[in-house]
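Residue-level structural notes
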Amino acid sequence: MTDAVWAQATRLVDEASRLLGTSFSDIVPPDAQRHLLIAQRELLLALAAVIDHHTQEPEPTESPSRGRRRSRSGTERSRRPSRVELE
């Protein structure tokens, strides 16, 4: 994406969130608000996991002829993201 397109997309999201933020409680029932906040948290955690996955060092590949398997001793980094508590 070019900088101009990125800036327009960012401005559009900012304006939409500002409009929805002022009338969100008027439009969406409280139960749905809670559901949407949980979904938003899960989306942000998924994005963090994707970013983490793509920024970590690639693991060295082993030749398949060796037939060695990875141990589950816990010394390797887990592929599952850790739980993050939000306020």
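For the structure itself, look to the data block above.
A brief look at the structure comes next. The structure displayed is predicted, hence computed values, not measured ones. (Residues numbered from 1 in each chain as written. Predicted model: local features only at pLDDT ≥ 70, side-chain atom pairs only at ≥ 80, totals over all residues. Heavy atoms only, no water.)

Right, let's get into the overall build of the protein. Each helix and strand in the protein was counted, giving two helices and zero strands. With 87 residues in all, the protein has 2% of them scored as buried. (Helix = DSSP H or I, 4+ residues; strand = E, 2+ residues; numbered from the N terminus. Buried < 20%, exposed > 50% of the residue type's maximum accessible area, 1.4 Å probe, protein only.)

Per the stated rule, a full pass over the model turns up one salt bridge. Residue glutamate 85 is joined to arginine 83 by a salt bridge in which the shortest nitrogen-to-oxygen separation is 3.6 Å. Like arginine 83, glutamate 85 is exposed. (Salt bridge = Lys/Arg side-chain N within 4 Å of Asp/Glu carboxyl O.)

Summarising the element assignment, threonine 55 is placed in helix α2 (residues 30-55). A residue is classified by how much of its surface remains accessible, and threonine 55, at 57% relative accessible area, is exposed. Of the polar contacts made by the side chain of threonine 55, one reaches the backbone oxygen of aspartate 52; its length is 3.2 Å. (Polar contact = N/O pair within 3.5 Å; in protein donor to acceptor, adjacent residues only side chain to side chain.)

All we've got here are geometric facts, nothing functional implied.
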